[in-house]
Amino acid sequence: MEIKMKTVSNLAAALALLIVLASFILNAAGLARIDMNDALKAGDFVKAVFLPVDASLWIANIFGGKSGGNASNSIALRDENNA
């Protein structure tokens with residue numbers, strides 16, 4: 001089974017949202033006292049780790065088409081003319 005980085009990035013976004021929502025719910029229920037700034041920072045960090053993956057996907061979709069990594073559709077193709 002092959003796991004694509006887009007899937008992992010989406011799971012990281014879901015985890016970040018879960019951290020923030022769980023902190024909010026625990027605070028609202030009075031079960032814990034978690035500073036929401038800390039919860040947001042933790043969620044941001046989880047998602048920020050995968051921003052290079054997202055940026056790579058955006059660049060590939062904008063400039064390289066949706067070929068899934070075909071070198072002929074990349075942003076810069078190195079050959080004997082531009083070596």
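Residues numbered from 1 in each chain as written. Predicted model: local features only at pLDDT ≥ 70, side-chain atom pairs only at ≥ 80, totals over all residues. Heavy atoms only, no water.

(A) Layout of the overall build of the chain. A tally of regular secondary structure across the chain gives three helices and zero strands. Reading the secondary structure of the chain in the N-to-C direction produces α-α-α. Per-residue burial for the chain yields a buried fraction of 16% across its 83 residues. If you take every contact in the chain between residues at least 6 apart in sequence, the share linking residues at least 24 apart comes to 45%. A total accessible area of about 6,500 Å² is found for the chain, and carbon and sulfur atoms account for 65% of it. (Helix = DSSP H or I, 4+ residues; strand = E, 2+ residues; numbered from the N terminus. Buried < 20%, exposed > 50% of the residue type's maximum accessible area, 1.4 Å probe, protein only. Contact = heavy atoms within 4.5 Å. Areas by Shrake-Rupley, 256 points an atom, 1.4 Å probe, with all protein chains shown as cover.)

(B) Just helix 2 (residues 36-48), in detail. When the terminal C-alpha atoms of helix 2 are compared, their 18 Å separation across 13 residues agrees well with the 18 Å that a helix rising 1.5 Å per residue should span. Its buried side turned inward, helix 2 meets helix 1 (5-29). (Expected span 1.5 Å × (residues − 1).)

(C) The arrangement of the pattern of salt bridges in detail. Scanning the model with the defined rule gives one salt bridge in all. Between Asp54 and Lys47 there is a salt bridge whose closest N-O contact spans 2.7 Å. A relative accessible area of 11% means that Asp54 is categorised as buried. The class of Lys47 is partly exposed, set by a relative accessible area of 22%. (Salt bridge = Lys/Arg side-chain N within 4 Å of Asp/Glu carboxyl O.)

(D) Geometry of the confidence of the model for the chain. Chain-level pLDDT for the chain is 84 on average; 77% of the residues reach the 70-or-more range. The lowest-confidence element of the chain is helix 3 (residues 51-63), averaging 88 in pLDDT; the highest-confidence one is helix 2, averaging 96. (pLDDT = per-residue confidence, 0-100.)

(E) How the structure looks around the packing of helix 1 against helix 2. Helix 2 packs onto helix 1 with a crossing angle of 170° between their chain directions and a minimal axis gap of 8 Å. In terms of orientation, helix 1 and helix 2 fall into the roughly antiparallel class. On helix 2, the residues touching Ser9, Ala12, Ala13, Leu15, Ala16, Ile19, Val20, Ser23, Phe24 and Asn27 of helix 1 are Met36, Ala39, Leu40, Ala42, Gly43, Val46 and Lys47. A per-class count over the contact of helix 1 with helix 2 returns twelve nonpolar, four polar and one charged. (Axes fitted to C-alpha atoms, helices over the stretch in contact; angles between N-to-C directions. Parallel < 35°, antiparallel > 145°, perpendicular 65-115°, else oblique. Nonpolar A, V, L, I, M, F, W, Y, C, P; charged D, E, K, R; others polar.)

(F) Region of interest: the side chain of Ser23. Along the chain, the position of Ser23 falls in helix 1. Ser23 gets classed as buried once you look at its relative accessible area, which sits at 7%.

(G) Spatial organisation of a nonpolar patch on the surface. A contiguous nonpolar surface patch, about 570 Å² in accessible area, is contributed by Leu51, Trp58, Ile59, Ile62 and Phe63. Mapping Leu51 onto the fold places it in helix 3. Judged by its relative accessible area of 40%, Leu51 falls in the partly exposed class. (Patch = residues over 30% accessible without salt bridge, like charges linked within 9 Å, V, L, I, M, F, W, Y side chains within 5 Å.)

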